[in-house]
Amino acid sequence: MIAEIIIDSSVKNLNRMFDYNIPKNMENNISIGSRVLVPFGRSKKLEEGFVTNIKESTDYEVKDIAKIEEQSLTTEKIVLSKWMAKRYFSNISECMKLMLKPGTTTKNFANRTKDKTALFVSLNMPKEEVKEYINNKKVKSEKQISILNYVMQMDSVMQAELIEKTNTSRAIIKTLEKNGFLKIETKKVVRNPLNDKRINRTKNLQFTEEQQLAYSEVEKSIEKNEYKKFLLYGVTGSGKTEIYLQLIEKIVEQGKSAIMLVPEISLTPQMINRFIERFGKEIISVLHSKLSVGERHDSWERIETGEARIVIGARSAIFAPVQNLGIIIIDEEHDSSYKSEMSPRYNAKEVATEIARYSKIPLLLGSATPDIKTFYEAQNGKIELLRLTKRANNSNLPNVQIVDLRQELANGNRTMISFKLHKLIEENLKNKKQTILFLNRRGFSTFIMCRDCGYVAKCKNCNISLTYHKKEGKLKCHYCGYEEPLITICPNCGSKKIRHFGSGTQKLELEINKMFPKASTIRMDIDTVTKKNSHEEILRKFNEEKIDILIGTQMIVKGHHFPDVTLVGVVSADGSLNIDDYRASERTFDLLVQVAGRAGREHLPGNVIIQTYNPDNYSVQYAKKQNYEEFYNVEIKLRKQLRYPPFCDIIMFGISGEQEEIVSKTANELFTNLDKKIKEENISANLLKPLPAPIDRIKNRFRWRIIMKTNISDKLIEIINECLYDKELLKNNARVIADINPTNMM
Ligand code: ADP
Ligand code: ZN
Ligand code: ZN
C-alpha cells in the first residue's frame, strides 16, 4: 500500500503530496490523517508529515514510512485543511497544525509538551479494615493516623498535597506503603485552569417572549439535525448569553458537544463563571492564549476524550477536537479578532460555516452591532435573523451627548477634557460614582516634530513616527518595539524647538491627575497590561477598590460589567474615523456603542460624552442614538455606491523583502501574471496597480501591495494560488502573501 503524504513545512514548494510505501507491519495502524515520520531528501533527519490519502500503487520509486506517531487527525479535519489551504492561500500542513494538540507541533521532539505526572496515594485495603486497625490501636502514630484519615476522605490524593495538608513526610507515607496500608502510583495530572474555581450552581432563567422565540428557532434546527445559520441581534443586556446557555444545555442533554467562540479579550473570569455556574467545571474546557501550553494541551485532551463537552475559547478553539458537535456559537461576531492576521489567514466565521455545514448543525452568530456583511446577509434571507429588542433587566440605555472639539478650542479650552465632561466628572466624584475615560492611543504624545525644519522622529526599522513614553523617557515604535531616548535637539538642524503633538493615555492620566488631584485613577493599555492576568487585576481593582477613574484604550470596552460606572467619556472619537480603511465608520460606530454601553448598566442612569472634531459624521450621530439599524441603512448604501464588501470581496496581496528593487519587481511580476490570467478566464475583477503599502517599511522590510476588488469564486481562488505558487516568482527573494477581506489594510 502507498500513502500520499504532505510534509510539515511552510515552504511553498513543498505544498504537495509525496508518495511513500507503507511497510507491512504498519498497514493496520495507518489511516488518512495519521501523523508520520518519513525520510526526506538527502537529509538524515526524519521529517514529519500527514497521510492525506492511501492507494494501491504509485508510478514512482518510493521510500518507506519510518514511524507512525500517536496522534492523528480525522478525515474531516484533513478535508477541512485542504479547503482552508486553498481558500486562504497557504500550505495544507500549516492548516493541519492548527488542529493538533497545543504544544505538540514543534519539530523538536524534546521540546514537545507531554502529559504531566505525579505520585498519587490511595488506600491499599478497604476503608473498614483501615478503621479497624486504627480502632484496635494497631496503628498508633498520630501522624500515620492523620495520613490515613486524609486518604480515606479523598480516595486518591497527590503525595505532595498529602504531605502538606497533614504536615508529615514522605518517609511516613513510605512506611504505610510498606505495611500494606497505602498504594503509591504515578498518575497523570490534568492541568486545568478551572481547577481551583469554587462556584455555586445557578438555574435557567424564565425566558422573555422574545428570548423564547429566538431559542425555539434554533432548537428546531437542532432537532432536525440541519445546517442553518442564525444571527441573534440584540442590544447588550438583552439576554443573548442566557439563550446560549440554554441551547448548550439542550445539546449537552442530547449527549452532544458545543463550541462557543468569544473574542480573546472577553474571556474574562466573569464570563467563564457564568458557564461554570450553569454546567459545572467538569464538562467545560477553556482555550485561549493566556493559558500555559501545558494547560492548553490538557484542555485539548479533555475535549478529545469526550470528558469536556463545552468548549469556550478564542478564534482557534474552532479547531478543537470535540466529539459529536451539536452547535457552534460565535458571540460578538463583528469582532475583528475572528480573522487571523498570520498565515493561514483564516476567518473563523467562515471556517465555522464550513464545519457547521458538514456536521449538519446550527451556527449561531450573536451581536449588538453585527458585522455589516452579516446583517446584509440576514436582510437577504441567507441568514435567519433573530431579534431581541429590549434589555432583559429593563435598565435603560445611557444618555449620550456629543461635544464639538472645534468649538471647545474656539472657547479657549486647550486641555483634553471639554468643559462639559469636566463638570460631569466633578459631579461624579462628588457623588462617589465611577468614571471611565476612553482614548484609543497609548503613550504620551503620538509624534515629535522639529518646528524649524519639520523633522519627525521616526523608527529606524519602520516608516512610522515614534511615540513618546514619558515614564521611561523614551521614544518607542509601536510596530517593532524599537526605542531610543527622547530627543531635545533636532538631529537634522540642531534646533531646540522640539514640539510634541497628539495625546495618548499617559498624557491623559497626567492631565486628569492635575485637574482632579484628589481622584484616584488607574490606567489600562498594553503598557500597563503586561503580565498574565494583570488585565483582570486592573479591572478587579477598579471594581472592588472603587477607584474613581479608569483610563484606557480599546481594552476597556468589552463585556465588563461595572454597576457603579455612571459616566463614560470618549476623549476622542476621531482616531478610528481617520484610518484609511473602508470600515472606518463601522469600526467607529461599534466602538462608540460599546464604550457607551459601559455606563449605567444597572439601576443608575448613565451619561456618555463623545468628544470629536467630526460631530456631524453619521457614525458618531447614530452612535449617539445607539441605533444600529439606522447606521446600517446609511452604511450599506455607501458600500454599494463605492462597491465595497459585502458587494465585493477585497483581496490584498502583500509583497515584502529586504531589498526594495526586488520587492517592486516581484510585485510587478505578480500583477502581470494575475492580470493575464484574469483576462484569459474572463473573470470580472478590478485589479489595482502595485504600490508601496501605507506603511511602506516595517522591521527593515519594504512592503508593497496589490489590491483586487472582485467576487471570490473557486476559479479565481485557483488562479491566485497558481500565481502565488508560481515557480519563477518563488525564486525571488521576497515574501508574497494574499489575504481575503483582511482586517488590517495598512
Ligand atoms: P447579553 O448577552 O445580551 O448582553 P445577558 O444574557 O448577559 O445579555 O443578560 C443581561 C442580564 O439580564 C443578565 O444579568 C441576565 O442574568 C439577565 N437576564 C437575561 N435573561 C433574563 C430573563 N429571561 N429574565 C431575567 N433576567 C434575565
Ligand atoms: Zn530641525
Ligand atoms: Zn519600528
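Higher on the page you've got the structure.
Residues numbered from 1 in each chain as written. Chains lettered and ligands numbered in written order. Predicted model: local features only at pLDDT ≥ 70, side-chain atom pairs only at ≥ 80, totals over all residues. Heavy atoms only, no water.

Trainee: I keep staring at the coordination of the zinc ion (ligand 2) and nothing clicks. Help me out?
Mentor: Note on metal geometry: ideal angles are 109.5 degrees for four donors arranged tetrahedrally and 90 or 180 degrees for six donors arranged octahedrally. Distances from the zinc ion (ligand 2) to its protein donors, Cys450 (SG), Cys453 (SG), Cys490 (SG) and Cys493 (SG), fall within 2.2 to 2.4 Å. Sequence positions of the donors to the zinc ion (ligand 2) reduce to the motif C-x2-C-x36-C-x2-C. Of this pair, Cys453 sits in the loop between strand 18 (447-450) and strand 19 (467-469) while Cys493 sits in the loop between strand 21 (483-485) and strand 22 (498-501), and the two are 40 residues apart along the sequence. Residue Cys493 is classed as partly exposed on the basis of its relative accessible area of 39%. (Donors = N, O, S within 2.8 Å, 3.2 Å for Na, K, Ca; no water. Helix = DSSP H or I, 4+ residues; strand = E, 2+ residues; numbered from the N terminus. Buried < 20%, exposed > 50% of the residue type's maximum accessible area, 1.4 Å probe, protein only.)

Trainee: What am I meant to see in the coordination of the zinc ion (ligand 3) here?
Mentor: Distances from the zinc ion (ligand 3) to its protein donors, namely Cys459 (SG), Cys462 (SG), Cys477 (SG) and Cys480 (SG), fall within the range 2.2 to 2.4 Å. One way to put it: the four donor atoms around the zinc ion (ligand 3) meet at angles of 101 to 117°, and that makes the site tetrahedral. Read in sequence order, the donor residues coordinating the zinc ion (ligand 3) give the pattern C-x2-C-x14-C-x2-C. Residue classification places Cys477 among the buried residues on the basis of a relative accessible area of 4%. A residue is classified by how much of its surface remains accessible, and Cys480, at 25% relative accessible area, is partly exposed. (Tetrahedral: all angles 85-135°; square planar, octahedral: opposite > 155°, others 65-115°.)

Trainee: How should the sheet that holds strand 24 (residues 549-552) be read in this particular structure?
Mentor: Either a parallel or an antiparallel arrangement is found when strands of a sheet pair, and the pairing is made through backbone hydrogen bonds. The strand order across the open sheet built from six strands is 16-26-25-17-24-23, with neighbouring strands paired in parallel fashion. In this open sheet, the two strands that pair with only one neighbour each are strand 16 (399-404) and strand 23 (521-524). Recorded for the sheet is a direction-independent mean angle of 15° between the axes of neighbouring strands. Sheet analysis places strand 17 (residues 434-438) next to strand 25 (residues 565-570), joined by five bridges and oriented parallel. Pairing of Ile436 across the sheet is with Val568, part of strand 25. (Pairing = 2+ DSSP bridges. Axes fitted to C-alpha atoms, helices over the stretch in contact; angles between N-to-C directions.)

Trainee: So what exactly am I meant to see when it comes to unusual backbone geometry here?
Mentor: If a residue is not glycine, its phi is most likely negative; likewise, a peptide bond is most likely trans. With an omega dihedral of -10°, the bond running from Ser343 to Pro344 counts as a cis peptide bond. By the element assignment, Pro344 lies in the loop between strand 13 (325-330) and helix 11 (348-359). A cis amide bond links Pro645 with the next residue in sequence, Pro646, at an omega value of 10°. Position of Pro646 among the secondary structure elements: in the loop between helix 19 (628-642) and strand 27 (649-657). The residue Asn324 is not glycine, and still its phi comes out positive at about 55°. If you trace the backbone, Asn324 turns up in the loop between strand 12 (310-313) and strand 13. In this model, Asn682 sits at a positive phi of 60°, which is unusual for a non-glycine residue. As for its position among the elements, Asn682 is in the loop between helix 20 (660-680) and strand 28 (685-687). Asn682 gets classed as exposed once you look at its relative accessible area, which sits at 71%.

Trainee: Explanation requested: a positive patch on the surface in the structure shown.
Mentor: Taken together, the side chains of Arg414, Arg451, Lys497 and Arg499 define a basic patch exposed on the protein surface. Among the structural elements, Lys497 can be located in the loop between strand 21 and strand 22. Taking the relative accessible area as the measure of exposure, Lys497 reaches 48% and is therefore partly exposed. (Patch = residues over 30% accessible without salt bridge, like charges linked within 9 Å, V, L, I, M, F, W, Y side chains within 5 Å. Areas by Shrake-Rupley, 256 points an atom, 1.4 Å probe, with all protein chains shown as cover. Salt bridge = Lys/Arg side-chain N within 4 Å of Asp/Glu carboxyl O. Lys, Arg positive; Asp, Glu negative; His and termini not counted. Charge placed at Lys NZ, Arg CZ, Asp CG, Glu CD.)

Trainee: Honestly, the pattern of salt bridges in this entry has me stumped. Any pointers?
Mentor: Pairs may arise between side chains of opposite charge once their charged atoms sit close together. Throughout the structure, instances matching the rule amount to 41 salt bridges. In this structure, Lys220 and Glu217 form a salt bridge, with 2.8 Å as the shortest nitrogen-oxygen distance. One end of the pair, Lys220, and the other, Glu217, are both in helix 7 (residues 209-224), three residues apart, so they sit about a helical turn from each other. The salt bridge involving Glu537 is made with Arg540; its shortest N-O contact spans 2.9 Å. Of this pair, Glu537 and Arg540 both sit in helix 16 (residues 534-544), three residues apart, which is roughly one turn of that helix. When its relative accessible area of 38% is taken as the criterion, Glu537 is described as partly exposed. What you see here is one network of salt bridges that share partners, running through Glu4, Asp19 and Lys55.

Trainee: Please clarify how the sheet that holds strand 5 (residues 67-72) should be interpreted in this entry.
Mentor: A sheet is described by the order of its strands in space; here five strands give the open sequence 2-1-4-3-5, paired in antiparallel fashion. In the strand order of this sheet, the two ends are held by strand 2 (17-21) and strand 5, each with one partner. Looking at each pair of strands side by side, their axes are set apart by 45° on average, direction ignored. In the sheet, strand 3 (residues 34-39) pairs with strand 4 (residues 46-55) via five bridges, with the strands oriented antiparallel. By the bridge assignment for strand 4, Arg35 is matched with Phe50.

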